[in-house]
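Below, each chain spelled out in residue letters.
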Amino acid sequence: MAENGVSPNVMFAEEKTGWTGYVEWEKYPEKKLLAQNILASHKFSPIPEFQFVPLPDTNPVLIGHRWKEYHEALGLKSIVDFSWKTVLKEKPDLIHLLDFPYNGETRRDQLLTEKLTPNKYHFIRNHGGVPDIDKDVYELEITGLVNRPIKISLKDLQDINKFPQEEVTVTIQCSGTRRIEQIREYPGDGDELINAPWGEGAIGTAVYRGVSLKKVLKIACGGVKPECKHLEFFGADTYFKKGQVYNYAVSVPWRKVRQSDEVILAWKMNGVDLPKIHGYPLRVVVTGYIGARSCKWLTRVNARSDESDGPVQSKEYLYYSQQIGKQNARYSNGFSIQQMPVSSAIISPVDKQVIIHDGFITLRGWSYSVNSGHVWYAVPQENMTEKHYHAWRLWTIDLPVEPEGWLEFCVRTWDSSNNTEPTFVRSAWNWDLHVTSSCHRIKIYSVNRSRPATAQRLKEIEDRGEEFAPLSKPLEWSLEGEEERFRISQRFPREPEN
Ligand SMILES: Nc1nc2c(c(=O)[nH]1)N[C@H]1C(S)=C(S)[C@@H](COP(=O)(O)O)O[C@H]1N2
Ligand SMILES: [Mo]
């Protein structure tokens, strides 16, 4: 119960019927203030340390105590419960990095099954709970610097007599993809780091169907006013930052929206309605930009003259160059990350794997570039998935590998503008630990069976019913007969004569 005797869940009621889990904050400054005061009167669990200690080996890997407590403090626990129920239903098989707000990444074997990531396996990055919105009552509001502010139903948006529809193949990647490599080399902050120590699986590709935002603005709103420079998107989810409460909000420049099919309002993903956890019934898909701009559970598009002042846009997803660290980071000296740099990862084999081969090792992975395109180095064209303007290419290569022992493989992508990846994590490191776009490196242990001596040794091991791997397991038997050892040591004495 809050001070005035009203229970918090009555105080912070849902905005509209049929929009379960949607509390509108941005339109009610007094309500935000009240929530802020309630939060200030609570003590919340501390932030866990995992940058200097290994991540727990559990699934979920991390438990979002604090974020659950924030929701509970405002009487919004049902949102927490519904979100987890939705995860179990729609994403049972991901690596659950954080249970709430839910962050899940695709298992490596499921990442490369085909060019399009099956919806069930597509990664999820949430900043709050999952709202449950009835599509029959859904409407989108368009406000701000447009000639005609409107409210429009999903049915009208989907009416092909009103708006032409688009179908686009898009790779969405979180700007935090592969962040764990930065953490392992040099810890940093990362506004959202605690929630998402991502590996190579925070990326996925789907065909989205929807309408171009540019066309909706033009046809339904009579266009934007000349002062409009940014389009701001609001989500129905509740976001907490430094003791304050918000709806998820981000923006993209009008210049991006004007590229007609590059920002779409989508309701289908790979031929079916958006799963609830991906923003049902309507989300934004911003091609080429970091995932954060592709706002899910879209409630409102607001045309404005400057970028969104919501914390996700103005205080997070900032890139601080190498010299800027804890002691001098400010919001105003990090630049806002919009377009994703060239990036890639080796998905198979995995780091530290022992590979017994016959002179070739097959490597597989993904490569991404906004200029998705023309020349890709070394991997033969026929070994890459089809080109799209806004999507990755999966690749596979049979690498001739003669040497044995520990080897390091590295993938580097060039795009058609000759943009390429920095070679080491150090050159990509930044205080907020975003866009780990350096060459992805793995170590593998090579055992080349095309060498007669190696083949012979492997056979001996097999004949004894033993396994070669793991490397750290000692072989139980003598490595060499005594006579043989003696003969060779006579021929090649260890000590020189003089
Ligand atoms: N409303 C809302 N939209 C959101 C987010 C969110 O938390 N709330 N997360 C963003 C981030 S950071 C990413 S990377 C993408 C992930 O999209 P996905 O979860 O559909 O894969 O959604 C973006 N859109
Ligand atoms: Mo993200």
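Every value quoted in this text rests on a predicted model; they were computed, and no experiment measured them. (Residues numbered from 1 in each chain as written. Chains lettered and ligands numbered in written order. Predicted model: local features only at pLDDT ≥ 70, side-chain atom pairs only at ≥ 80, totals over all residues. Heavy atoms only, no water.)

Colleague: Got a minute to help me understand the overall build of the protein chain in this structure?
Modeller: Counting its secondary structure elements, the protein chain contains 13 helices and 23 strands. Considering only C-alpha atoms, the protein chain reaches an extent of 95 × 50 × 45 Å along its principal axes. Counting every position in the protein chain, which comprises 498 residues, the buried fraction comes to 53%. Contacts in the protein chain between residues far apart in sequence, at least 24 positions, make up 70% of those at least 6 positions apart. (Helix = DSSP H or I, 4+ residues; strand = E, 2+ residues; numbered from the N terminus. Buried < 20%, exposed > 50% of the residue type's maximum accessible area, 1.4 Å probe, protein only. Contact = heavy atoms within 4.5 Å.)

Colleague: Sorry, what's going on with the sheet that holds strand S2 (residues 95-98) here?
Modeller: Strand pairing within a sheet occurs via backbone hydrogen bonds; the two strands may be parallel or antiparallel. Read across the open sheet, the 3 strands follow the order S2-S3-S4; overall the sheet is antiparallel. Unpaired on one side and paired on the other, S2 and strand S4 (124-125) mark the two borders of the sheet. As paired elements, strand S3 (residues 103-105) and S4 share 2 bridges and run antiparallel to each other. Bridging across to S4, glycine 104 finds its partner in isoleucine 124. (Pairing = 2+ DSSP bridges.)

Colleague: Before we go on, may I ask you to explain the UniProt feature "domain: Moybdenum cofactor oxidoreductase dimerisation" (unreviewed entry) in the protein chain in this structure?
Modeller: The positions that UniProt labels "domain: Moybdenum cofactor oxidoreductase dimerisation" (unreviewed entry) are, in the present scheme, residues 383-445. Between the end C-alpha atoms of residues 383-445 there is a gap of 24 Å, over a span that is 6% helix and 33% strand. (UniProt positions renumbered as here; feature names shortened; annotations may be inferred.)

Colleague: Just checking my understanding: could you explain the site of ligand 1 for this structure?
Modeller: The immediate surroundings of ligand 1 are formed by 19 residues, with Phe123, His127, Asp237, His278 and Lys296 found nearest. Here an oxygen atom of ligand 1 and a side-chain polar atom of histidine 122 are 3.4 Å apart. At 2.7 Å from a nitrogen atom of ligand 1 is found a side-chain nitrogen or oxygen belonging to aspartate 237. For ligand 1, whose free accessible area comes to 530 Å², the fraction covered by protein is 100%. Counting only elements with at least two residues in the shell around ligand 1, the list comes to S4 and strand S10 (230-241). A class-by-class count of the residues in the shell around ligand 1 yields 8 nonpolar, 7 polar and 4 charged. (Near = heavy atom within 4 Å. Polar contact = N/O pair within 3.5 Å; in protein donor to acceptor, adjacent residues only side chain to side chain. Areas by Shrake-Rupley, 256 points an atom, 1.4 Å probe, with all protein chains shown as cover. Nonpolar A, V, L, I, M, F, W, Y, C, P; charged D, E, K, R; others polar.)

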